[in-house]
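A structural walkthrough
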Amino acid sequence: MTDAQKTAADTTLRATGDSPPDSRPAPVPLLEPREGIPPVTATDEALAEVVAAFAAGTGPVAVDAERASGYRYGQRAYLVQLRREGAGSVLIDPVGCPDLSALGEAIGDAEWVLHAATQDLPCLRDIGMLPTRLFDTELAGRLAGFARVGLGAMVENVLGFALEKGHSAVDWSTRPLPEPWLRYAALDVELLVDLRDALEEELERQGKLEWARQEFAAIAAAPPPPPRKDPWRRTSGMHKVRRRRQMAVVRELWTARDQVAQRRDVSPGKVLGDAAIVEAALNLPPNSHALAALPGFGHRMGRRQLEQWQAAVDRARALAENELPQPGQPLNGPPPPRSWADKDPVAAARLSAARAAVTALAENLNLPQENLITPDTVRRLCWEPPAEPSQESVAEVLSGHGARPWQIEQVAPLLTEALLTDGG
């Protein structure tokens, strides 16, 4: 058993957050930032002062961003919050200050502390901010075995403070931003560095700190994801759409909706719901009167809107057979596991053995299976194993799929055994 396995098996109640509620003191409500609510930085002059202050600050930089998901088109940032020792907290309006590259450079050598970094990094990148080093408190919590890894739960379990979380889903594109929202935003970075320090200590205690460092380095070095192919296929309820002509309706309506949403800068779901798109695809209405009778296209929708959506349906109805979308996306990788038993029973046995081994090890290490090794990597390895499975050849495959050295060290032996045992 490794040191990490020994310490994970003896994980303290503080790390798991599983101690009885009456055995811990009640969390202290965190009501105000230490220096009060900072003014919103929205001019070049004010931004220059912030850049100078943060360049002169010391230690890690707590970073957070607020988007207007569900309200606006895209995932741009509408507020950026930062805090650093010696500089205090700042709130920056990316609408008034759309280029924060100077600030990004000023803190470029510092470690950035974010919670769920992969959610905020894309919108930060768009305004010129990209870390070279980071510490992700959510991911650290997962690796340390916390049952709940939301920021509020982590701050409460680790630091004993209660954060107010009532404004997380508001429309952050609102101007001016109400004072309670600004207070909430400032408090989100108030204790991030404190949380980071406590989690670093806990990861060190469990023998997992180097694992976390490898994960953080991988996030910081990851390139922007490529544009999603055929994003219309992710329409909610798409599983009901079986025929290619119906798929074409989904594609045309999705594309028309996306263009309207982008032009109006509103969330696509506010223009037309996914459920309405699927209803139109399943029913193939011949005219706007029939379309209006479907759920989602009710009496509140104007004639011009109905005609717009019906035109999209008509375009799909008019397509030649060879122009219709193919069912399902081109397969990149192994088929769905449910079909393995028929296609390749030996591979199915390998996968079963590998999954069982990964599950047992993840439980032993007190961390989620998907953080130990991604399920997709396990499937790919089991579907196309090395010709001569060995720990070295398995490690090479895992590395090729992006597994970090700590993951390979943990899972390569047991995955090799699974391949050999079950016909690899």
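Residues numbered from 1 in each chain as written. Predicted model: local features only at pLDDT ≥ 70, side-chain atom pairs only at ≥ 80, totals over all residues. Heavy atoms only, no water.

Looking up the protein chain in an unreviewed UniProt entry gives the name 3'-5' exonuclease, with the organism given as Streptomyces caniferus.

**Focus on the overall build of the protein chain**
The secondary structure content of the protein chain amounts to 21 helices and eight strands. Its C-alpha atoms give the protein chain principal-axis dimensions of roughly 65 × 65 × 45 Å. Expressed as a percentage of its 424 residues, the buried residues of the protein chain come to 46%. Excluding contacts between residues fewer than 6 apart, the proportion of contacts in the protein chain whose partners are at least 24 apart in sequence is 68%. When the accessible surface of the protein chain is totalled, it reaches about 20,900 Å², and 51% of it is carbon and sulfur. Charged side chains of the protein chain number 46 positive and 57 negative; the gap between the two group centres comes to 10 Å. (Helix = DSSP H or I, 4+ residues; strand = E, 2+ residues; numbered from the N terminus. Buried < 20%, exposed > 50% of the residue type's maximum accessible area, 1.4 Å probe, protein only. Contact = heavy atoms within 4.5 Å. Areas by Shrake-Rupley, 256 points an atom, 1.4 Å probe, with all protein chains shown as cover. Lys, Arg positive; Asp, Glu negative; His and termini not counted. Charge placed at Lys NZ, Arg CZ, Asp CG, Glu CD.)

**Considerations on the confidence of the model for the protein chain**
A residue-level look at the protein chain finds 93% of positions with pLDDT of 70 or above and a mean pLDDT of 92. For residues 1–21, every residue scores under 50 in pLDDT, and the model assigns this stretch 46 contacts once sequence neighbours within four places are set aside. (pLDDT = per-residue confidence, 0-100.)

**Regarding a negative patch on the surface**
On the surface, D44, E45, E49, D99 and E105 cluster together into a negatively charged patch. Take the negative patch: its biggest share by element is three residues, from helix α3 (residues 44–56). With respect to the element layout, E49 can be found in helix α3. Taking relative accessible area as the criterion, E49 reaches 61% and is therefore assigned exposed. (Patch = residues over 30% accessible without salt bridge, like charges linked within 9 Å, V, L, I, M, F, W, Y side chains within 5 Å. Salt bridge = Lys/Arg side-chain N within 4 Å of Asp/Glu carboxyl O.)

**A short note on the packing of helix α17 (residues 345–365) against helix α19 (residues 375–383)**
Where α17 contacts α19, the axes come no closer than 9 Å and their chain directions differ by 145°. The chirality of how α17 crosses α19 is right-handed. Every residue of α19 that contacts α17 at A347, R350, L351, A354, R355 and V358 is listed here: V378, R379, C382 and W383. The class makeup of the residues in the contact of α17 with α19 is seven nonpolar, no polar and three charged. (Axes fitted to C-alpha atoms, helices over the stretch in contact; angles between N-to-C directions. Left-handed = near helix turned anticlockwise from the far one by under 90°. Nonpolar A, V, L, I, M, F, W, Y, C, P; charged D, E, K, R; others polar.)

**Structural notes on the UniProt feature "domain: HRDC" (unreviewed entry) in the protein chain**
Those places that UniProt annotates as "domain: HRDC" (unreviewed entry) correspond, in this numbering, to residues 243–323. End C-alpha atoms of residues 243–323 are separated by 13 Å, and the span's content is 69% helix alongside 0% strand. (UniProt positions renumbered as here; feature names shortened; annotations may be inferred.)

**Notes on the nonpolar core**
Ranked by internal contacts, the top residues of the largest apolar core, which has 81 residues, are L82, I92 and L398. Among the elements that make up this core, the one with the highest residue count is helix α21 (residues 405–421) (eight residues). Looking at which domains feed residues into this core, each of domain 1 (3–221) and domain 3 (337–420) gives three or more. Those residues in contact with I92 that lie beyond four places of it in its chain are T41, L47, V50, L79, V80, L82, C97, L100 and L103. If you look at the next biggest cluster of nonpolar residues, it comprises 32 residues, including A261, L294, W309 and V313. (Core = buried A, V, L, I, M, F, W, Y, C linked by side-chain atoms within 4.5 Å. Domains from an automatic or database assignment.)

**Section: the pairing of strand β5 (residues 88–92)**
Regular strands place side chains that alternate from one sheet face to the opposite one. Burial analysis of β5 places five of its five residues in the buried class, which makes it a mostly covered element. By the bridge criterion, two bridges tie strand β2 (residues 40–41) to β5 in an arrangement that is parallel. Residue pairing across strands places V40 opposite L91, the latter belonging to β5. Sheet analysis places strand β4 (residues 77–85) next to β5, joined by five bridges and oriented antiparallel. Along β5, the bridge assignment pairs Q81 with L91. A loop of two residues connects β4 with β5, the two strands running antiparallel in sequence, and G86 in this loop sits at a positive phi of about 90°. (Pairing = 2+ DSSP bridges.)

**Describing unusual backbone geometry**
Cis peptide bonds are those with omega within 30 degrees of zero, and the linkage from R175 to P176 qualifies with -5°. With phi around 50°, D230 is a residue other than glycine that occupies positive phi space. Residue classification places D230 among the partly exposed positions, given a relative accessible area of 24%. In the Ramachandran plot, N366 falls in the positive-phi region, its phi being about 60° despite a non-glycine side chain. Inspection of the secondary structure puts N366 in the loop between α17 and α18 (369–372).

**A look at helix α20 (residues 391–400)**
Within the sequence span of α20, burial applies to S393, V394, A395 and L398. Just past α20, the residue G402 takes up positive phi, approximately 95°.

**Regarding the side chain of T41**
Secondary-structure assignment places T41 in strand β2. For T41, a relative accessible area of 7% puts it in the buried group. Not counting the four nearest positions on each side in its chain, T41 is found in contact with A46, L47, V50, L91, I92, D93 and C97.

**What about the packing of helix α6 (residues 137–144) against helix α9 (residues 192–206)?**
Across the interface, α6 lies against α9 with an axial gap of 10 Å and an inter-helix angle of 25°. In terms of orientation, α6 and α9 fall into the roughly parallel class. Note on packing geometry: the crossing formed by α6 with α9 is left-handed. Note on element contacts: α9 touches α6 through L192, L195, R196, L199, E202, L203 and Q206, opposite T137, A140, G141, L143 and A144. (Parallel < 35°, antiparallel > 145°, perpendicular 65-115°, else oblique.)

**Structural notes on the pattern of salt bridges**
Scanning the entire structure with this criterion turns up 24 salt bridges. The partner of R175 in a salt bridge is D93, with the nearest N and O atoms 2.8 Å apart. A residue pair is termed long-range when its members are at least 10 positions apart, and R175 in the loop between β8 (161–162) and α8 (179–190) and D93 in the loop between β5 and α4 (101–106) qualify at 82 residues. Salt-bridge contacts for D274 lead to R257; the nearest nitrogen and oxygen are separated by 2.7 Å. Separated by 17 residues along the polypeptide, D274 in helix α13 (residues 274–283) and R257 in helix α11 (residues 244–264) bring together distant segments of the chain. On the basis of relative accessibility, which here comes to 4%, the residue R257 falls in the buried class. Because the salt bridges share partners, they merge into one network encompassing R34, E35, R83, E190 and D194.

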